[in-house]
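Descriptive structure summary
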Amino acid sequence: MLNVRLLHFRLTGLVAALLILGMTPACAKKASSSHTPVVSINAAFVPHVQAFVQAAAQQGQTITITDLIVQFGETPSSGDTGVCVWADDATPTVTINQSIWNTFNSSADEEEDVFHDLGHCLLRRIHDQSRVTGTTSLGTQGSIPQSVMYPVRIDGVTYTDNLATYRAELFSITNQF
Ligand SMILES: [Zn+2]
């Protein structure tokens, strides 16, 4: 099953970018967040958030989570697996559709999904629609998404077959919005 992920974060990112462009340098200096940070991660996602931090470390990136919500909840349409909502003055929030989550066949499916939305919310990455040659779910060489930031879910088999590549790619780019 392929589930299209919501592009909502892109709108959020665009608004944030416009605000940044509109700010004077003086304002920019005061742009630090004034909301109260919170870390609230549903138990279902904790292993994958920990794996994300470990995978980042393996790529030489230290991620300390001080402000993040990862929860089950409503996504804007029933076909959306998850959504990251990111704004300048709010806790980055990942919301996962539980009925889709419950159809996942493996922890690889779960990790791919959580890493995608953490890619938005923690790395501030946008979608990447590129495709490259890699190992498909059939075990043959073929066209696969280049990045976990692909807008459509990558199945757990393909993700696992190309795990090292996907993890390295994910942490190689940050702050796209
Ligand atoms: Zn996405």
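Bear in mind that the values here come from a model prediction, so they are computed numbers and not experimental data.

Side note on the overall build of the chain
Tallying secondary structure elements over the chain gives seven helices and six strands in all. Taken from N to C terminus, the helices and strands of the chain fall in the order α-α-β-α-β-β-β-α-α-β-β-α-α. Looking at the 177 residues of the chain, the share that counts as buried comes to 29%.

Describing the packing of helix 3 (residues 46-58) against helix 5 (residues 107-121)
Running from N to C, helix 3 and helix 5 cross one another at 65°; their axes reach a closest spacing of 9 Å. The two elements helix 3 and helix 5 cross, and the hand of that crossing is right-handed. Residues His48, Val49, Ala51 and Phe52 of helix 3 form the contact with helix 5, whose participating residues are Glu110, Glu111, Val114, Phe115 and Leu118. Residues that form the contact of helix 3 with helix 5 fall into these classes: six nonpolar, one polar and two charged.

Topic: the pairing of strand 5 (residues 131-135)
Looking at chain direction, strand 5 and strand 6 (residues 141-145) are connected through five bridges and run antiparallel. Pairing of Thr135 across the sheet is with Gln141, part of strand 6. Here strand 5 hands over to strand 6 after five residues, with Gly139 in that stretch at a positive phi of 85°.

Considerations on the nonpolar core
In terms of nonpolar packing, the biggest core is built from 22 residues, with Val49, Phe52, Val94, Val114, Phe115, Leu118 and Val148 touching the most fellow members. A per-element tally of this core places helix 5 first, with four residues.

Description of the sheet that holds strand 2 (residues 68-72)
In space, the four strands of this open sheet follow the order 1-2-4-3, with mixed pairing throughout. Looking at strand neighbours, the two that pair on one side only are strand 1 (39-41) and strand 3 (82-85), the edges of this open sheet. The sheet shows a mean angle of 15° between the axes of neighbouring strands, direction not considered. Sitting on the sheet, helix 5 touches strand 2, strand 3 and strand 4 (93-96), and the angle it makes with strand 3 is about 20°.

Focus: helix 5
An ideal rise of 1.5 Å per residue puts 21 Å on 15 residues; helix 5 measures up with 20 Å between its terminal C-alpha atoms. Regarding helix 5, the residues found buried are Asp109, Glu111, Glu112, Asp113, Val114, Phe115, His116, Asp117, Leu118, Gly119, His120 and Cys121.

Describing unusual backbone geometry
Even without being glycine, Arg124 reaches a positive phi, approximately 60°. Its location among the elements puts Arg124 in the loop between helix 5 and strand 5.

Comments concerning helix 3
Taking 1.5 Å as the rise per residue, helix 3 with 13 residues should run 18 Å; its terminal C-alpha atoms sit 18 Å apart, in good agreement. Within helix 3, burial applies to Val49, Phe52 and Ala55. Along the axis of helix 3, the buried positions cluster into a sector of 120°, meaning they face one direction only. Opposite its buried face, helix 3 presents the exposed residues Val46, Gln50, Gln54, Ala57 and Gln58, each directed more than 90 degrees away. On the buried face of helix 3, the contacting elements are strand 1, strand 2, helix 5 and helix 7 (163-170).

The rules behind each value
- Residues numbered from 1 in each chain as written.
- Predicted model: local features only at pLDDT ≥ 70, side-chain atom pairs only at ≥ 80, totals over all residues.
- Helix = DSSP H or I, 4+ residues; strand = E, 2+ residues; numbered from the N terminus.
- Buried ≥ 20, exposed ≤ 12 C-beta atoms within 10 Å, placed from the backbone.
- Axes fitted to C-alpha atoms, helices over the stretch in contact; angles between N-to-C directions.
- Left-handed = near helix turned anticlockwise from the far one by under 90°.
- Contact = placed C-beta atoms within 7 Å.
- Nonpolar A, V, L, I, M, F, W, Y, C, P; charged D, E, K, R; others polar.
- Pairing = 2+ DSSP bridges.
- Core = buried A, V, L, I, M, F, W, Y, C linked by C-beta atoms within 7 Å.
- Expected span 1.5 Å × (residues − 1).
- Arc of directions from axis to C-beta.

That's the geometry; what it means functionally is another story.
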